[in-house]
Each structure stands twice: as C-alpha cells, then as structure tokens.
Amino acid sequence: MERFALPRIAVPEEKPHLEGKTEPHVVAEDFSVFYRANEAVVKVSMEIPRGLVTAIIGPSGCGKSTFLRALNRMNDLIPGCRTAGKLYFDGQDIYGPNVDVVALRQRIGMVFQKPNPFPKSVFENVIYGPRILGIRNRSELAEIAERSLVRAALWEEVNDRLNENALGLSGGQQQRLCIARALAVDPEILLMDEPTSALDPRSTARIEDLIGELRGNYTIVLVTHNMQQAARVSDLTAFLYEGVLVEFGETRRLFTKPRKKETEDYITGRFG
C-alpha cells in the first residue's frame with residue numbers, strides 16, 4: 001500500500017467545544033521534541049482540557065508516546081533529547097528553568113504499557129510515593145493505601161492480601177495496582193501509555209471502566225493503538241502521523257465525521 005505524504009507542519013485545528021468544559025490544563029504551542037537531529041514531534045499546538053479524557057492515536061512511531069512523556073519530562077532521561085516551542089501546565093512552562101521536575105511528576109503521574117509493580121507487598125507498592133515524600137505515620141499511610149486502592153477499583157480484591165507480594169497478582173490487577181500507586185500522591189493529571197496492550201479482554205474492560213470512573217477527578221491523557229478503545233473512553237482524540245498533529249477534536253465527531261482525509265483513511269484502516 002502506498003503511504004500518503006503529510007506536510008511537515010501542524011495545521012491549526014478548531015478548538016473542541018464540550019459543553020463549556022474547555023478550561024485548558026495543558027497547552028502546547030508549536031511544541032517539538034527532537035532525538036538528536038530527528039524531529040519526533042513536530043510543532044504540535046493543542047489544548048488538553050481539565051478533567052476530561054484525551055486520547056492520542058496514530059500508527060507506531062508517530063510520536064504519541066514521545067509527546068506523552070514530554071508532559072512530565074520523562075524524555076529528559078533520554079540522551080540527545082531536546083524540545084522546542086512551549087508546553088504549559090496550569091499556565092507554567094513545563095520546561096522552564098525553575099521547574100522542580102520531581103514535584104512536576106508528583107502532579108503529573110504516569111502508567112506504563114506493561115504493569116511494573118515493585119517486588120514488594122501490595123501495601124508497600126501503593127505507599128511508595130508518599131513515603132518518598134516524607135510521610136511516615138502508619139495510620140496515614142494506611143488511609144492513603146485504602147483510598148488509592150478504592151479509586152483504582154482494586155480494594156475489594158486485595159484488602160486481605162495487602163502484605164502479599166504484588167507480583168502474585170494477575171496482570172490486570174497489577175496494572176490497577178500501578179494506577180493506585182500513581183494516584184497515591186494525588187496527581188492532577190494521569191498519563192497512560194497503552195495501559196491495556198498487555199492485558200486480556202476482561203482486564204482491558206476493567207481498566208476502561210476505571211478510566212470512566214476517574215474522569216472528572218483527574219485529567220487523563222491516553223495513548224492507544226486501539227481506535228475502538230479511544231472511541232469508547234475518550235472525550236477528545238488527537239491523531240498524530242509522523243509527529244504531526246493531523247486532527248484534534250471531540251471523539252464522536254472525529255470518528256464519525258473526520259475533517260481530514262488522512263484521518264478518515266487511518267480510522268477506516270486504509271493504512272497504519
């Protein structure tokens with residue numbers, strides 16, 4: 001199949017309108033990410049609204065995960081990686097000189113593609129972040145653990161197994177434990193990078209239900225290859241191709257009436 005060519009610029013999109021819920025939590029302005037000479041994210045401009053679920057779709061290697069990791073500066077750990085343009089969180093430049101990256105990652109948590117619990121007890125996994133932040137009181141840590149596990153829809157399944165090794169949980173339970181661990185430090189934004197790609201259909205459905213339950217309390221940015229998943233769980237969808245933001249808008253509209261031919265070709269399976 002012949003690949004179509006996209007212009008190497010981001011075309012400004014009309015801002016989504018979601019019943020007045022458009023207060024931006026994150027704003028990208030001509031934001032780019034480079035791996036040495038390679039521009040992996042190309043002058044992306046978009047506003048991610050507070051309290052909603054924004055999905056990022058596109059074929060492998062299109063810059064989805066790179067953009068996601070830029071939101072809490074995980075790309076700082078990659079040699080030769082640099083950024084250009086602006087990326088704002090609550091009006092503050094994420095890449096500004098005075099940003100405390102540790103504090104930033106507390107406010108912008110992340111769940112990775114594969115469940116990565118620590119080889120510790122369920123309880124110690126959840127309260128790892130609060131301990132790092134200096135909380136030592138056992139009763140306070142217990143309250144945080146219960147609250148986080150409840151939010152992650154895991155408490156009923158593990159409340160009698162808190163002292164058992166987390167590696168003994170099922171894959172789906174491990175991923176929800178990682179979500180609980182992220183929630184334990186009270187983030188404002190939760191980044192999810194293909195959080196169900198390693199899970200079975202039942203566990204995937206549970207994670208998707210959980211995303212719906214967390215909507216409103218957290219701003220969620222979800223990278224997914226699964227377009228059906230994006231359609232099911234997100235309020236907004238951004239389509240990236242070769243690092244370019246091709247289209248960004250309300251999920252229902254983007255999947256039923258895409259404005260760009262490239263978007264239609266991708267969501268109908270003509271490429272990708």
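Residues numbered from 1 in each chain as written. Predicted model: local features only at pLDDT ≥ 70, side-chain atom pairs only at ≥ 80, totals over all residues. Heavy atoms only, no water.

**Student:** Any details on the pattern of salt bridges? Residues and values, ideally.
**Tutor:** The tally for this structure, following the rule as stated, stands at 16 salt bridges. Where Arg-206 meets Glu-213, a salt bridge forms, and the shortest distance between an N and an O atom there is 3.8 Å. The salt bridge involving Arg-215 is made with Asp-235; its shortest N-O contact spans 3.0 Å. Residue Arg-215 is located in the loop between α8 (201–214) and β8 (219–223), and its partner Asp-235 is located in the loop between α9 (227–233) and β9 (236–241); the two are separated by 20 residues in the primary sequence. Overall, the relative accessible area of 29% leaves Arg-215 in the partly exposed class. Within this structure, Glu-23, Arg-50, Asp-90, Arg-107 and Glu-188 form a network of salt bridges that share partners. (Salt bridge = Lys/Arg side-chain N within 4 Å of Asp/Glu carboxyl O. Helix = DSSP H or I, 4+ residues; strand = E, 2+ residues; numbered from the N terminus. Buried < 20%, exposed > 50% of the residue type's maximum accessible area, 1.4 Å probe, protein only.)

**Student:** Run through helix α5 (residues 138–151), naming residues and quoting values.
**Tutor:** For an α-helix, the turn length of 3.6 residues means that residues three or four places apart are oriented alike. Between its first and last C-alpha, α5 extends 20 Å over 14 residues, near the 20 Å set by a 1.5 Å rise per residue. Among all positions in α5, only Leu-141, Ile-144, Ala-145, Ser-148 and Leu-149 are buried. Buried residues in α5, looked at end-on, bunch into an arc of 120°, giving them a common side. Taken together, the buried residues of α5 touch α3 (122–126), α4 (128–132), α6 (155–158) and α7 (171–183). Where α5 ends, the next residue or the one after it, Ala-153, has phi of about 55°, a positive value. (Expected span 1.5 Å × (residues − 1). Arc of directions from axis to C-beta. Contact = heavy atoms within 4.5 Å.)

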